[in-house]
Amino acid sequence: MEWEYLPRVADSTLDWALKTSGAVQVVGPKWCGKTVTCQRKASSAVFLQDPDLSPTLLALADAKPSAILEGEKPRLIDEWQMAPQLWDAVRFDIDRTSEKGRFILTGSATPKKRPAHSGVGRISRLPMRTMSLFESGESTGAVSLKALFDGNLDIGGLVDFDIDDIAFALCRGGWPQAVTETDPAVALAQAKNYVNEMLDSDIDELEGAKRNSIWLRSIMRSYARNISSEAPVTTIAADMQGERPSIVTVTDYIDALKRAFVTEDLNAWNPRLRSKTAVRTSPTRHFCDPSIAAAILDLTPSSLMSDFDTFGLLFESLCVHDLRVYADALGGHIEHYRDKTGLEADAVIILPDGRWAPVEVKMGNSRIDQAAENLKKLAARVDGENEGAPAFLMVLTSTAAAYKRDDGVLVTPLAMLGP
């Protein structure tokens, strides 16, 4: 069966990266679609995980790395981290030729042993994530993040994507094979399959050493219970069930999950403020896709509907995920804000030119007024002379209507947001 290819936000960013860099490193979790997307841009490819050829290819990469690079350009080297020496070979090749768009390196893990040389100026880094609701066709994209930053703030409209649809999309995740699957039960099984495969072998392959899968699962369950929070490692360790490893071991396991792109925490934003208010610096906890949290906690769309506290935290993580995808298209990134007074923004979108916009996530209508007031307080607290005024203030919701409030705050359904 040939899988349908759904266009990805990374398609255009990869095109641009190939025009401006000698090589592009595309990083992200397994099963997010990196290889398929990159194959469409490549003229030749080598797959280091090919079960028939992997031993030969790895031996060749060790003996003569340049031989792996031979082939029509751009050449795709899939899962390059299996032979980290290829990084320096690619860098040397680019230095020698000075051509753009020669290689695409995909990797679903960051090797613990770093290459001898950085790729600065030669190898650009492109994150690729699981599919957003816009990429899966479930968001209309009528509210464009780029248009908002360009000053087009007169939004409006309705979307037919209710809370039940959100619950299903959240538990299914943005895994391409799940998104294109027509059987809902099979689609929902994909996140569990990802978790099981990762626990069974992927982390061991990354580290080259056997890890305690019981500890790893327990840490992931604790991570899931603390999703969208600033829980420190000590809290995650204390929340683990059964025998607990040391804090040092828990920290090491969390680092392994991060390097495998299983987790992706949201760093804190530390802007210049008008007053000397202390800003919290702890990251908020997130998986690369919130469906992992649902899978590890054995949550289903129906069980989420009966536990709105958990649903709300997972929905916030889903919003952060999609905002990251759309910010990537603008060359930007996402952080979060919280200060000692409790004032916070679940996400702050920051573009390379310094433009920024805070976002609060609220599932229903009842707390939109409170969220809008908090956003206005934050805008007033930030030093506008140094940081500039926010491009817009947004409350991101699971409701049906997009509109601009009388106070200028935008209310946007996640199912209408796009790049």
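Here, every reference points to the structure presented above.
Since this is a predicted model, take the numbers as computed values, not measurements.

Undergrad: Account for the overall build of the chain, naming residues and giving values.
TA: Of regular secondary structure, the chain possesses 17 helices and 14 strands. For 419 residues, the compact-globule formula gives about 22 Å, and the C-alpha radius of gyration of the chain, at 22 Å, lands near that figure. Reported as C-alpha extents along the three principal axes, the dimensions of the chain are approximately 65 × 50 × 50 Å. Counting the 419 residues in the chain, one finds 55% classified as buried. Sequence separation of at least 24 residues holds for 72% of the intrachain contacts in the chain that already meet a minimum separation of 6. Surface summary for the chain: the accessible area is close to 18,300 Å², and the carbon and sulfur share equals 50%.

Undergrad: Tell me about the packing of aromatic side chains, and please be specific about residues and values.
TA: Evaluated as defined, the whole model comprises nine aromatic pairs. Residues Phe308 and Phe311 carry aromatic rings whose centres are separated by 5.5 Å and whose planes lie at 50° to one another, so their mutual orientation is tilted. Here the residue Phe308 and the residue Phe311 both occupy positions in helix H15 (residues 308-329), the gap between them amounting to three residues, near one helical turn. The ring of Tyr5 has Arg40 lying over it, and the distance from NZ or CZ to the ring centre is 3.9 Å.

Undergrad: Account for unusual backbone geometry, with residues named and values stated.
TA: Here Lys73 and Pro74 are connected by a cis peptide whose omega angle stands at 0°. On the secondary structure map, Pro74 appears in the loop between helix H4 (65-68) and strand E3 (75-78). Its identity as a non-glycine residue notwithstanding, Glu79 has a phi of 55°, on the positive side. Summarising the element assignment, Glu79 is placed in the loop between E3 and helix H5 (85-97). Here Glu79 falls in the buried class, since its relative accessible area comes to 5%. A positive phi is found at Asp298, a non-glycine position, where the angle reads about 55°. Looking at the secondary structure, you find Asp298 in the loop between helix H13 (291-296) and helix H14 (301-305).

Undergrad: I'd like to hear about the packing of helix H10 (residues 213-225) against helix H12 (residues 247-259), residue by residue, with values.
TA: Orientation of H10 relative to H12, taken along the N-to-C sense of each, is 80°, at an axis distance of 10 Å. With respect to H12, the axis of H10 lies roughly perpendicular. Of the residues in H12, those in contact with Trp215, Leu216, Ile219, Met220 and Tyr223 of H10 are Thr249, Val250, Tyr253, Ile254 and Leu257. Here the residues of the contact of H10 with H12 are counted per class, giving nine nonpolar, one polar and no charged.

Undergrad: Give a detailed account of the sheet that holds strand E12 (residues 401-404), specifying residues and quantitative values.
TA: Backbone-to-backbone hydrogen bonds join strands into a sheet, with any given pair of strands oriented parallel or antiparallel. Strand order in the open sheet formed by seven strands is E7-E12-E13-E11-E10-E9-E8, with mixed pairing between adjacent strands. Since the sheet does not close on itself, it has two edges, and those belong to strand E7 (156-158) and strand E8 (333-338), each with one partner. Sheet twist, expressed as the mean angle between neighbouring strand axes with direction ignored, is 25°. Pairing of E7 with E12, which is carried by three bridges, proceeds in the antiparallel orientation. Counterpart to Gly156 in the pairing with E12 is Tyr403. Contacts from H15 reach E8, strand E9 (344-350), strand E10 (356-361) and strand E11 (394-397), with the element oriented near 15° to E9.

Undergrad: Please set out helix H7 (residues 163-172) residue by residue, giving values where relevant.
TA: By the burial criterion, the buried members of H7 are Ile166, Ala167, Ala169, Leu170, Cys171 and Arg172. You can read the cap of H7 off the contacts: a side-chain oxygen lies 3.1 Å from the backbone nitrogen of Asp164, and it is on Asp162. With its phi angle positive at about 85°, Gly173 sits one or two positions after the end of H7.

Undergrad: Give me the environment of Val382: which residues, what numbers.
TA: Tracing the chain through its elements places Val382 in the loop between helix H16 (368-381) and helix H17 (384-387). By relative accessible area, which is 1% here, Val382 ends up buried. A C-alpha to C-alpha distance of 45 Å links Val382 and Asn212, two positions 170 residues apart in sequence. Not counting residues within four places of it along the chain, the set of residues in contact with Val382 comprises Trp269, Pro271, Arg272, Leu273, Arg274, Trp356 and Glu387.

Undergrad: Tell me about the nonpolar core, and name the residues and values.
TA: One recurring pattern in soluble globular proteins is that nonpolar side chains are buried together. Met220, Val262, Phe287, Ile292, Ile349, Phe392 and Leu396 are the most contacted members of the largest nonpolar core, which totals 77 residues. Per-element tally for this core: the top contributor is H15, with ten residues. Leaving out residues up to four positions away in the same chain, Leu396 has contacts with Phe315, Cys319, Leu323, Val359, Glu360, Val361, Lys362, Thr412, Pro413, Leu414 and Leu417. Listed in part, the 18 residues of the second largest apolar core include Val46, Ile68, Leu86 and Leu105.

Undergrad: Residues and numbers for the sheet that holds strand E5 (residues 123-127), please.
TA: Taken together, five strands build an open sheet; the order of strands is E2-E3-E4-E1-E5 and the sheet is parallel. A single partner strand is all that each edge strand has here, and the edge strands are strand E2 (44-47) and E5. Mean inter-strand twist for the sheet, computed between neighbouring axes without regard to direction, equals 20°. Relative to strand E4 (residues 103-107), strand E1 (residues 23-27) runs parallel, the two being bridged by five bridges. Its bridge partner lying in E4, Val26 is registered against Thr106. On the sheet, H5 packs against E1, E3, E4 and E5 and is oriented at approximately 160° with respect to E4.

Analysis parameters
Residues numbered from 1 in each chain as written. Predicted model: local features only at pLDDT ≥ 70, side-chain atom pairs only at ≥ 80, totals over all residues. Heavy atoms only, no water. Helix = DSSP H or I, 4+ residues; strand = E, 2+ residues; numbered from the N terminus. Rg over C-alpha atoms; globule rule 2.2 N^0.38 Å. Buried < 20%, exposed > 50% of the residue type's maximum accessible area, 1.4 Å probe, protein only. Contact = heavy atoms within 4.5 Å. Areas by Shrake-Rupley, 256 points an atom, 1.4 Å probe, with all protein chains shown as cover. Phe/Tyr/Trp six-rings, centres within 6.5 Å; stacked < 30°, edge-to-face > 60°. Lys NZ or Arg CZ within 6 Å of the ring centre and 35° of its normal. Axes fitted to C-alpha atoms, helices over the stretch in contact; angles between N-to-C directions. Parallel < 35°, antiparallel > 145°, perpendicular 65-115°, else oblique. Nonpolar A, V, L, I, M, F, W, Y, C, P; charged D, E, K, R; others polar. Pairing = 2+ DSSP bridges. Polar contact = N/O pair within 3.5 Å; in protein donor to acceptor, adjacent residues only side chain to side chain. Core = buried A, V, L, I, M, F, W, Y, C linked by side-chain atoms within 4.5 Å.

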